[in-house]
Amino acid sequence: MKTWMLLPCALLATTLVAQTPAPVPAGTALMVKLDTTLATFSNKVGDPFRARITQPVVIEGKTVIPAGAMVEGRVTKVSEPRRISGKPTLGILPEAVILPTGERYYLDATLTDTNIKGSDVNQEGQFKGSGHDRRDTVEQGGGTAGGMLIGGLIGGPPGILIGGAVGAGASTGHWLAKHHSAVLPAGTELTLELNRPMAMTNTTMPAPTGGSN
């Protein structure tokens, strides 16, 4: 290539680099609000979800992800223990950011927090619902005591032991019937943290299939 042709090419390359948005650094928090209700009693692994960015992401003085941009992802874990121990669990995987212009970008992020009081998000980004709480313990203790009292009145000391076992079983069944679940209602505010830099280069990704809840 002749020297006189190199100068325009160099200028064009410089212009393109200047127009390419800087990547969003790893560790950046994305504040989003769920458009989809997610729950352990109604969702299954693979179900899609949608959320919207509520605070713009600004890099070097430029807004690279505006408020209103959509986040799409899918459910990765649904666990609803039918036991006293254990907590119902919801796992979600954010997969893409879609700008208002329609541009779609790959997203590698993990859920780190929600605005639901008393909720828990573990290191894997899984949302934990309430499990066996203090009220359940009181109810179970009350059921045992009530059973022992009834058993004692009926059959003396042996009846106390039998009544206690029956009472505990009944209160445990009551707890199971309460069907504890993990629920993220539409409108829940989530904090997502980027696991690695997010390159703001357009990529074609298939949209999730299936309906929202």
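On a predicted model such as this, the values are computed, not experimentally measured, just so you know.

## With respect to the environment of Thr 28
Piece 1. Along the chain, Thr 28 turns up in the loop between helix 1 (3-19) and strand 1 (29-34).
Piece 2. Remark: the alpha-carbon pair of Thr 28 and Leu 194, spanning 166 residues in sequence, is separated by 5.5 Å.
Piece 3. Setting aside residues no more than four positions away along its own chain, Thr 28 makes contact with Val 57, Leu 192, Glu 193 and Leu 194.
Piece 4. In this structure the side chain of Thr 28 is engaged in a polar contact, spanning 2.7 Å, whose partner is the backbone oxygen of Pro 25.

## Topic: the confidence of the model for the protein chain
Piece 1. Of all residues in the protein chain, 60% attain a pLDDT of 70 or more, and the chain-wide mean is 75.
Piece 2. Confidence drops under a pLDDT of 50 for residues 159-166, and excluding neighbours within four residues, the segment shows 11 contacts in the predicted structure.

## Let's talk about the pattern of salt bridges
Piece 1. Taken as a whole, this structure holds six salt bridges when the rule is applied.
Piece 2. Between Glu 72 and Arg 50 there is a salt bridge, with its nearest N and O atoms 3.2 Å apart. In this pair, Glu 72 sits in strand 6 (residues 70-79) while Arg 50 sits in strand 3 (residues 48-53), placing the two residues 22 residues apart along the sequence.
Piece 3. A salt bridge links Arg 74 to Glu 95, with the nearest nitrogen and oxygen atoms 2.7 Å apart. One end of the pair, Arg 74, is in strand 6; the other, Glu 95, is in strand 7 (residues 89-98), and 21 residues separate them in sequence.
Piece 4. For Arg 74, a relative accessible area of 33% translates into the label partly exposed.
Piece 5. A relative accessible area of 22% means that Glu 95 is categorised as partly exposed.

## What about the pairing of strand 6?
Piece 1. Of the strand pairs in this sheet, strand 3 and strand 6 are connected by five bridges, and their pairing is antiparallel. Its bridge partner lying in strand 6, Arg 52 is registered against Met 70.

## Thoughts on unusual backbone geometry
Piece 1. The backbone of Glu 60 sits at a positive phi, close to 50 degrees, despite the residue not being glycine.
Piece 2. Within the secondary structure, Glu 60 sits in the loop between strand 4 (57-59) and strand 5 (62-65).
Piece 3. Here Glu 60 falls in the exposed class, since its relative accessible area comes to 70%.

About the cut-offs
Residues numbered from 1 in each chain as written. Predicted model: local features only at pLDDT ≥ 70, side-chain atom pairs only at ≥ 80, totals over all residues. Heavy atoms only, no water. Helix = DSSP H or I, 4+ residues; strand = E, 2+ residues; numbered from the N terminus. Contact = heavy atoms within 4.5 Å. Polar contact = N/O pair within 3.5 Å; in protein donor to acceptor, adjacent residues only side chain to side chain. pLDDT = per-residue confidence, 0-100. Salt bridge = Lys/Arg side-chain N within 4 Å of Asp/Glu carboxyl O. Buried < 20%, exposed > 50% of the residue type's maximum accessible area, 1.4 Å probe, protein only. Pairing = 2+ DSSP bridges.

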